[in-house]
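Residue-level listing of the chains:
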Amino acid sequence: MSTSKALPQPDREEIRIEDVLQALGEPVRLQIVRLLADLPDGIACGEIDLQVTPSTRAHHLRILREAGVISTHTEGTRRISSLRREDLDCLYPGLLPGVLAAPR
């Protein structure tokens, strides 16, 4: 039996632009967002290839989740993260396409 549990994260109406922009302003977090943009079903946090320690990766994922940029839920022992594209597009039209199109 597989159970899925969401981690604490803001509801759509609780997402604030200043939190989103602050979360997106860090290069490692922007790298995570770019990766998740290509993975609509999400990815397990341990499978995200970053040049940082696992604890640093977890920190960046938490910041993105708490800002409302990503959604994370558990499946067994795995934490699956995905981009909250629909919520962000509804609240801040054009933000994600602009961020994702910016030069790297």
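Each remark here, short or long, concerns the structure printed above.
Remember, it's a predicted structure, so these values are computed and weren't measured experimentally.

**Concerning the side chain of Arg57**
And then number 1: Counting through the fold element by element, Arg57 comes out in helix H3 (residues 54-67).
And then number 2: Lacking a salt bridge, the buried Arg57 has Asp49 as its closest oppositely charged neighbour, with an N-O distance of 6.6 Å.
And then number 3: When residues no more than four places from it in sequence are discounted, the contact partners of Arg57 are Cys45, Gly46, Ile48, Leu50 and Val52.

**Quick notes on the environment of Leu30**
And then number 1: Mapping Leu30 onto the fold places it in helix H2 (residues 27-37).
And then number 2: Classification of Leu30 as buried rests on a relative accessible area of 17%.
And then number 3: In this structure, the C-alpha to C-alpha distance between Leu30 and Leu100, residues 70 residues apart in sequence, is 8.6 Å.
And then number 4: When sequence neighbours within four positions are dropped, the list of residues in contact with Leu30 reads Leu24 and Val99.

**A short note on the packing of H2 against H3**
For any two helices packed against each other, one specifies the crossing angle of their axes together with the interaxial distance.
And then number 1: The geometry of H2 relative to H3 is characterised by a closest axis approach of 10 Å and an angle of 70° between their N-to-C directions. Taken as axis vectors, H2 and H3 run roughly perpendicular relative to one another. Residue-level contacts link Val28, Arg29, Ile32 and Val33 of H2 to His59, His60, Leu61, Ile63 and Leu64 of H3.
And then number 2: Tallied by class, the residues present in the contact of H2 with H3 amount to six nonpolar, two polar and one charged.

**Brief notes about the pattern of salt bridges**
And then number 1: For the coordinates displayed, the defined rule picks out five salt bridges.
And then number 2: Notably, a salt bridge pairs Glu86 with Arg12, separated by 3.5 Å at the nearest N-O pair. Linking Glu86 in helix H4 (residues 85-91) with Arg12 in the loop between strand E1 (4-6) and helix H1 (17-24), this pair joins segments that are 74 residues apart in sequence.
And then number 3: Across the salt bridge formed by Arg12 and Asp87, the nearest N and O atoms sit 2.7 Å from each other. With Arg12 in the loop between E1 and H1 and Asp87 in helix H4, this pair connects stretches of sequence that are 75 residues apart.
And then number 4: Residue classification places Asp87 among the buried positions, given a relative accessible area of 16%.

What counts as what
- Residues numbered from 1 in each chain as written.
- Predicted model: local features only at pLDDT ≥ 70, side-chain atom pairs only at ≥ 80, totals over all residues.
- Heavy atoms only, no water.
- Helix = DSSP H or I, 4+ residues; strand = E, 2+ residues; numbered from the N terminus.
- Buried < 20%, exposed > 50% of the residue type's maximum accessible area, 1.4 Å probe, protein only.
- Lys, Arg positive; Asp, Glu negative; His and termini not counted.
- Salt bridge = Lys/Arg side-chain N within 4 Å of Asp/Glu carboxyl O.
- Contact = heavy atoms within 4.5 Å.
- Axes fitted to C-alpha atoms, helices over the stretch in contact; angles between N-to-C directions.
- Parallel < 35°, antiparallel > 145°, perpendicular 65-115°, else oblique.
- Nonpolar A, V, L, I, M, F, W, Y, C, P; charged D, E, K, R; others polar.

Take it as geometry only, folks, not as evidence of what the structure does.
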